[in-house]
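Residue-level listing of the chains:
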Amino acid sequence: MDLRIFTEPQQGATYDTLLTVAKATEDLGFDAFFRSDHYLRMGSADGLPGPTDAWITLAGLARETKRIRLGTLMTAGTFRLPGVLAIQVAQVDQMSGGRVELGLGAGWFEEEHKAYGIPFPKEKFARLEEQLAIVTGLWATEVGKTFDFHGTYYDLTDSPALPKPAQKKVPVLIGGHGASRTPRLAARFADEFNIPFASVEDSERQFGRVRAAAEEAGRGADALTYSNALVVCVGRDDREVARRAAAIGREVDELKANGLAGSPAEVVDKLGRYAAIGSQRIYLQILDLTDLDHLDLISTHVQPQLP
């Protein structure tokens, strides 16, 4: 099972903080560094010093890291035109030497759109479907040929479909809890399906829907990687777990019920339950970006015990 580090910079982080965490991610042997794509803090966090842009951040990290994969959970489709997004991701992929992955979602947080003057369309899922078709279509178009798309929301004519990513195929992540449209969209476009903050039981149910949709689409269920995103709070003893929970404004019992919390042994046991229902990759949501000892503890006492 791969362990990836997943950050929420809108809660309050500078680029330098993210760079420090990304370098620790690489040095400690984790598989990847991912970040959310939000422009407004949530909950009681002050969000200072203000938001950072996901793809500008990843462009910087592409030049400052050497091994780890880099990506988003999830890029908000409402923030970017699909043609522009295809250019951005391809360029960052080139800058990283082919280490980028694109998680793309419909966008959902209306307040951040109001705060920064970003349109928040009523019909987002149908737009997302067109966005995925355009981004993947642009990348798949042979050099020297052009790409056209005429949809309900987007219209591209004679696009040179440049630049190309360094990778032959940039992995595309699609996620969510939707019971019908989401699995069908994943079956059509995704290399990886991610379900965020879900129980073992709910994850198993949703993975089953996606696997069935992939079979129906003729891809085969095992053509996709299946993953979870879960908040993590690990401590060497109960006192350390409680301290880390308090630092992120959460209760230990709630974290144990809804995430990965407790001793390394407890967390390894719960990861095993996710692995048993088909989860191949876990994005560890790290909410205290100043606590690098937390990453070290996971690296040295959790990661080595995983298959």
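Please refer to the structure higher up on the page.
For every chain, the first residue of the written sequence is number 1, and numbering continues from 1 along that sequence. Only residues with pLDDT of 70 or above have their local features reported here, since the model is predicted, and side-chain atom pairs are shown and tallied only from 80 upward, although totals for entire chains, interfaces and linings are computed over all residues. Side-chain descriptors were evaluated using all non-hydrogen atoms of the structure, hydrogens and water having been removed beforehand.

Draft legend 1. Geometry of the overall build of the chain. Per the secondary structure count, the chain includes eleven helices and twelve strands. For the chain, whose C-alpha radius of gyration is 19 Å, the value lies close to the compact-globule estimate of 19 Å for 307 residues. Considered along the principal axes of its C-alpha atoms, the chain spans approximately 60 × 45 × 35 Å. The contact definition used throughout considers only heavy atoms, calling two residues in contact when any of these lie within 4.5 Å. Here the analysis covers contacts within the chain between residues at least 6 apart in sequence; of these, 72% occur between residues at least 24 apart. Asp and Glu are treated as the negative residues and Lys and Arg as the positive ones, with His and the ends of the chain left uncounted. Each charge is placed at NZ for Lys, CZ for Arg, CG for Asp and CD for Glu. Averaging the locations of the 34 positively and 42 negatively charged side chains of the chain gives two centres separated by 3 Å. For the purposes of this entry, the term helix denotes a DSSP run of H or I that reaches at least four residues, the term strand denotes a run of E that reaches at least two, and both are numbered from the N terminus. Atoms counted for the radius of gyration: C-alpha only. Globule rule: 2.2 Å times residue count to the power 0.38.

Draft legend 2. Up close: the packing of helix H3 (residues 82–96) against helix H5 (residues 125–140). Fitted lines through C-alpha atoms give the axes, limited to the stretch in contact for helices. The angle between two N-to-C directions lies from 0 to 180 degrees. Between H3 and H5, the least distance of the axes is 9 Å, while the angle of their chain directions is 45°. On the basis of their axis angle, the class for H3 and H5 is oblique. Considering the relative orientation of H3 and H5, their crossing is right-handed. In this structure, H3 contributes Pro82, Gly83, Leu85, Ala86, Val89 and Ala90 to the contact, and H5 contributes Gln131, Ile134, Val135, Leu138 and Trp139. For this scheme, ten residues count as nonpolar: Ala, Val, Leu, Ile, Met, Phe, Trp, Tyr, Cys and Pro. Four count as charged, namely Asp, Glu, Lys and Arg, and the remainder, Gly too, count as polar. Residue composition of the contact of H3 with H5, by class: nine nonpolar, two polar and no charged. Any angle between 65 and 115 degrees counts as roughly perpendicular, while under 35 counts as roughly parallel, over 145 as roughly antiparallel, and the rest as oblique. Handedness of each helix crossing follows the sense of rotation of the near helix against the far helix: counterclockwise by less than a right angle gives left-handed, clockwise gives right-handed.

Draft legend 3. Just the packing of helix H6 (residues 181–189) against helix H7 (residues 200–216), in detail. Viewed as axis vectors pointing N to C, H6 and H7 meet at an angle of 50°, and their least axial separation amounts to 8 Å. By the angle class used here, H6 and H7 are oblique. Crossing hand, H6 versus H7: right-handed. Contacts between H6 and H7 involve Thr182, Pro183, Arg184, Ala186 and Ala187 on the former and, on the latter, Gln206, Arg209, Val210, Ala213 and Ala214. Of the residues in the contact of H6 with H7, the class split is six nonpolar, two polar and two charged.

Draft legend 4. Summary view of the pattern of salt bridges. Any carboxyl oxygen of Asp or Glu that lies within 4 Å of a side-chain nitrogen of Lys or Arg is treated as forming a salt bridge with it. Considering all chains together, one arrives at 22 salt bridges under this definition. The shortest N-O distance in the salt bridge between aspartate 37 and arginine 80 comes to 2.8 Å. Of this pair, aspartate 37 sits in the loop between strand S2 (32–35) and helix H2 (54–64) while arginine 80 sits in the loop between strand S4 (75–76) and H3, and the two are 43 residues apart along the sequence. Across the pair, arginine 80 and aspartate 37 agree in class, each one buried. Categorising residues by exposure relies on relative accessible area from a 1.4 Å probe, with only protein chains included: less than 20% of the type maximum marks a residue as buried, more than 50% marks it as exposed, and the intermediate range marks it as partly exposed.

Draft legend 5. Spotlight on the environment of aspartate 238. Along the polypeptide, aspartate 238 turns up in helix H8 (residues 238–247). For the pair aspartate 238 and isoleucine 286, spaced 48 residues apart in sequence, the C-alpha separation works out to 19 Å.

Draft legend 6. Structural detail: the pairing of strand S8 (residues 172–175). Two strands are said to pair when DSSP picks up at least two bridges between them. Here strand S5 (residues 100–105) runs beside S8; their pairing, made up of two bridges, is parallel. Looking at S8, one finds that glycine 103 is bridged to leucine 173. The pairing of S8 with strand S9 (residues 192–196) spans three bridges and is parallel. Looking at S9, one finds that isoleucine 174 is bridged to phenylalanine 193. For crossovers, right-handed means that the path from the first strand over the helix to the second runs clockwise, given strands pointing away from the viewer. For the crossover that starts at S8, traverses H6 and ends in the parallel S9, the hand is right-handed.

Draft legend 7. Representation of the side chain of glutamate 112 within the structure. Among the structural elements, glutamate 112 can be located in helix H4 (residues 110–116). There is no salt bridge for the buried glutamate 112, and the closest opposite charge comes from arginine 35, which lies 8.7 Å off by N-O distance. Not counting chain neighbours up to four residues away, the residues in contact with glutamate 112 comprise His38, Tyr39, Leu40 and Phe79.

Draft legend 8. View of the environment of methionine 74. Following the sequence through the fold, methionine 74 ends up in the loop between strand S3 (69–72) and S4. Separated by 57 residues in the primary sequence, methionine 74 and threonine 17 have C-alpha atoms spaced 20 Å apart. Ignoring sequence-local partners within four residues, the contact set of methionine 74 consists of Asp37, Gly103, Leu104, Gly105, Leu173, Ile174, Gly175 and Asn194.

Draft legend 9. Looking closely at the packing of aromatic side chains. Classification of ring pairs uses Phe, Tyr and Trp, with its six-membered ring standing for Trp, and accepts pairs whose centres are within 6.5 Å; under 30 degrees between planes counts as stacked, over 60 as edge-to-face, and the remaining range as tilted. Tallied over the full model, the rule gives six aromatic pairs. Ring plane angle 70° and centroid distance 5.0 Å describe the contact between phenylalanine 34 and tyrosine 283, whose orientation is recorded as edge-to-face. Separated by 249 residues along the polypeptide, phenylalanine 34 in strand S2 and tyrosine 283 in strand S12 (residues 281–286) bring together distant segments of the chain. Here phenylalanine 34 and tyrosine 283 have matching classes, each one buried. Residues tyrosine 39 and phenylalanine 79 carry aromatic rings whose centres are separated by 4.6 Å and whose planes lie at 20° to one another, so their mutual orientation is stacked. Remark: phenylalanine 79 occurs in the loop between S4 and H3 and tyrosine 39 occurs in the loop between S2 and H2; sequence separation between them is 40 residues. Per residue, the accessibility class of tyrosine 39 equals that of phenylalanine 79, and both read buried. Through a chain of ring-to-ring contacts, the aromatic side chains of Tyr39, Phe79 and Tyr116 assemble into a single cluster. Our definition puts a charge over a ring when NZ of Lys or CZ of Arg is within 6 Å of the ring centre and also within 35 degrees of the ring normal. Across the ring face of phenylalanine 120, the terminal group of lysine 124 is positioned such that the distance to the ring centre comes to 4.2 Å.

Without other data, these values stay purely geometric and don't point to any function.
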